[in-house]
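# Remarks on the overall topology
Each chain, letter by letter, is given below.
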Amino acid sequence: MLYYPYHCFGGVAVTVPEPEVTVTPTVIFKVAEREDLEKPYRVIVQNDDVTPMDFVVMVLRVFFGLAINQAMRVMLTAHNEGRALVTALPYEEAQERVYQAHHAAREAGYPLTFYLEPDE
């Protein structure tokens, strides 16, 4: 029961029952088939105006195994076009590498962002 003091209703004490609240979650689960997880996904790096270019190159080399020339090319493409293809990997591997890259970037204080797209 909720109690409202006199001054809320012009000197009249009012007691009202608490409303009954029901929360219904709207979570939708999708079961992915093993074949879907093994299909290649494109890892895309998105340009930002904060992350230094040398840091992007280092992340591409360390977490995605790119050679220095390839990492430089990907970084410059993202810088000039807003985004660039890094590599294509099976979903779980791509997701893990993106997670590691994001973690390293956040630890260094940079908003470097990667995302995945199905490779069709």
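Look above for the structure.
Scoring rules and cut-offs
Residues numbered from 1 in each chain as written. Predicted model: local features only at pLDDT ≥ 70, side-chain atom pairs only at ≥ 80, totals over all residues. Heavy atoms only, no water. Helix = DSSP H or I, 4+ residues; strand = E, 2+ residues; numbered from the N terminus. Contact = heavy atoms within 4.5 Å. Areas by Shrake-Rupley, 256 points an atom, 1.4 Å probe, with all protein chains shown as cover. Expected span 1.5 Å × (residues − 1). Buried < 20%, exposed > 50% of the residue type's maximum accessible area, 1.4 Å probe, protein only. Pairing = 2+ DSSP bridges. Axes fitted to C-alpha atoms, helices over the stretch in contact; angles between N-to-C directions. Salt bridge = Lys/Arg side-chain N within 4 Å of Asp/Glu carboxyl O. Arc of directions from axis to C-beta.

### A short note on the overall build of the protein
Assigned secondary structure in the protein consists of four helices and five strands. Secondary structure elements of the protein, listed N to C terminal, follow the sequence β-β-α-β-α-α-β-α-β. The contacts in the protein between residues at least 6 apart in sequence include a share of 65% that link residues at least 24 apart. Approximately 8600 Å² of the protein is accessible, and the part contributed by carbon and sulfur atoms is 55%.

### A closer look at helix α2 (residues 53-64)
The end-to-end C-alpha separation of α2 is 16 Å, in line with the 16 Å expected for 12 residues at 1.5 Å each. Within α2, burial applies to Phe55, Val56, Val57, Val59, Leu60, Phe63 and Phe64. Contacts from the buried residues of α2 go to β3 (40-46), α3 (68-81), β4 (83-90), α4 (91-108) and β5 (113-118).

### Topic: the sheet that holds β5
Within the open sheet, the three strands sit side by side as β4-β3-β5. Their pairing is antiparallel. Taken across any chain shown, the strands that pair with only one partner, and hence form the sheet edges, are β4 and β5. If you compare each strand with its neighbour and ignore which way they point, the axes differ by 30° on average. Taken together, the six bridges between β3 and β5 define a ladder with antiparallel strand orientation. Opposite Tyr41, over in β5, you have Pro118 as the bridge partner. Packed on one face of the sheet, α4 meets β3, β4 and β5 and runs near 165° to β5.

### Description of the pattern of salt bridges
The tally for this structure, following the rule as stated, stands at four salt bridges. The closest approach of N and O atoms between Arg42 and Glu117, which form a salt bridge, is 3.2 Å. Here Arg42, found in strand β3, pairs with Glu117, found in strand β5; they are 75 residues apart in sequence, far enough to count as distant. Judged by its relative accessible area of 26%, Arg42 is partly exposed. Glu93 is the salt-bridge partner of Arg97, the closest N and O atoms lying 2.5 Å from each other.

### Points about α4
Note on helix geometry: an α-helix contains 3.6 residues per turn, so any two residues three or four positions apart are oriented the same way. With 18 residues, α4 should reach 26 Å at 1.5 Å per residue; the first-to-last C-alpha distance of 26 Å fits that figure. Taken as a whole, α4 has its buried residues at Ala94, Val98, Ala101, His102 and Ala105. All buried residues of α4 fall inside an arc of 100° around its axis, so they share one side. Exposed side of α4, more than 90 degrees from the buried face: Tyr99 and Glu107 are the residues found there. At its buried positions, α4 is contacted by β3, α2, β4 and β5. Just downstream of α4, Gly109 is the residue with a positive phi angle, here 85°.

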